[in-house]
Amino acid sequence: MDMNKMLQWMDLAKNYQSNDFWSGIFEQPSFDEFMKSNFDFGQPGEAKAEPVREKRFPPTDIYLTDEEVILVVDLPGFLKEDIQLSVSGIKVLIKGSKKNLIKGEVVQQERNTGDFERIIQLPEPVLPNQVSARFSNGLLIVSYKRHYFNEEQVPIE
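Residues numbered from 1 in each chain as written. Predicted model: local features only at pLDDT ≥ 70, side-chain atom pairs only at ≥ 80, totals over all residues. Heavy atoms only, no water.

A. Representation of the sheet that holds strand β1 (residues 60-64). Pairing in this open sheet of four strands is antiparallel, and the strands run β1-β2-β6-β5 from one edge to the other. Looking at which strands have only one partner, the edges of the open sheet turn out to be β1 and β5 (131-136). Sheet twist, expressed as the mean angle between neighbouring strand axes with direction ignored, is 15°. With seven bridges connecting them, strand β2 (residues 68-74) and strand β6 (residues 139-145) associate as antiparallel partners. The residue bridging Asp-74 from the neighbouring strand is Leu-139, located in β6. (Pairing = 2+ DSSP bridges. Helix = DSSP H or I, 4+ residues; strand = E, 2+ residues; numbered from the N terminus. Axes fitted to C-alpha atoms, helices over the stretch in contact; angles between N-to-C directions.)

So, in structure tokens, the structure goes:
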């Protein structure tokens, strides 16, 4: 959460509520707990909790052009041989595995390792024989031709 946006929101909200209302909100223990759990106000040198990692791995982008659907999957450090891809209707299944490159005690680990599996819903259906995929520089790019360019009118009887 962006602290500046939170402060802007609070200033704007003060114009619509009395100061007694906001004093009551900020004096509640739940607000203090909320701030402690969501913002790092620790002292320098104090141990900090690990941030919660996003569970959607690998990160993806989906693009629609006039002619095709393009899915870009971010897989840095993976080898093409370690990735499996399958499609069914409007779903893509991506599986993979990455081992640690260096044997030794892990002091800090932010890069994803191990097995992953993610199902991504596509905006339009795809036939397995019409999809193409390439892997280059840590990006898996999956594309297929669009069948539905515009919405079609349906006559009502």
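There's plenty left to go through after this.
B. Inspection of the packing of aromatic side chains at higher detail. This structure, assessed with the given rule, holds three aromatic pairs. Between Phe-78 and Phe-116, the ring centres sit 5.4 Å apart and the planes meet at 90°, which makes this aromatic pair edge-to-face. Taken together, the positions of Phe-78 in the loop between β2 and β3 (83-98) and Phe-116 in strand β4 (residues 114-126) put the pair 38 residues apart, joining distant regions of the chain. Owing to a relative accessible area of 6%, Phe-78 belongs among the buried residues under this scheme. What links up through ring pairs into an aromatic cluster is the set Phe-57, Phe-78 and Phe-116. (Phe/Tyr/Trp six-rings, centres within 6.5 Å; stacked < 30°, edge-to-face > 60°. Buried < 20%, exposed > 50% of the residue type's maximum accessible area, 1.4 Å probe, protein only.)

C. Local environment of unusual backbone geometry. In this structure, Asn-137 is a non-glycine residue whose phi angle is positive, near 50°. Tracing the chain through its elements places Asn-137 in the loop between β5 and β6.

D. A look at the side chain of Ser-143. With respect to the helices and strands, Ser-143 occurs in strand β6. We classify Ser-143 as buried; its relative accessible area is 13%. Those residues in contact with Ser-143 that sit more than four places away from it in its chain are Glu-68, Val-69, Ile-70, Gln-130, Val-131 and Ser-132. (Contact = heavy atoms within 4.5 Å.)

E. How the structure looks around the pattern of salt bridges. All chains considered together, the criterion is met by one salt bridge. With a closest N to O distance of 2.6 Å, Arg-146 and Glu-124 form a salt bridge. Of this pair, Arg-146 sits in the segment after β6 while Glu-124 is found in strand β4, placing the two residues 22 residues apart along the sequence. The exposure classification of Arg-146 matches that of Glu-124, with both residues buried. (Salt bridge = Lys/Arg side-chain N within 4 Å of Asp/Glu carboxyl O.)

F. Representation of the side chain of Arg-146 within the structure. Owing to a relative accessible area of 15%, Arg-146 belongs among the buried residues under this scheme. Excluding anything up to four places from it in sequence, Arg-146 contacts Leu-64, Thr-65, Asp-66, Glu-67, Glu-68, Val-69 and Glu-124.

G. Geometry of the environment of Lys-99. Its location among the elements puts Lys-99 in the loop between β3 and β4. Spatially, the C-alpha atom of Lys-99 lies 9.8 Å from that of Asp-82, the residues being 17 residues apart in sequence.

By themselves, these observations are geometric and do not establish any function.
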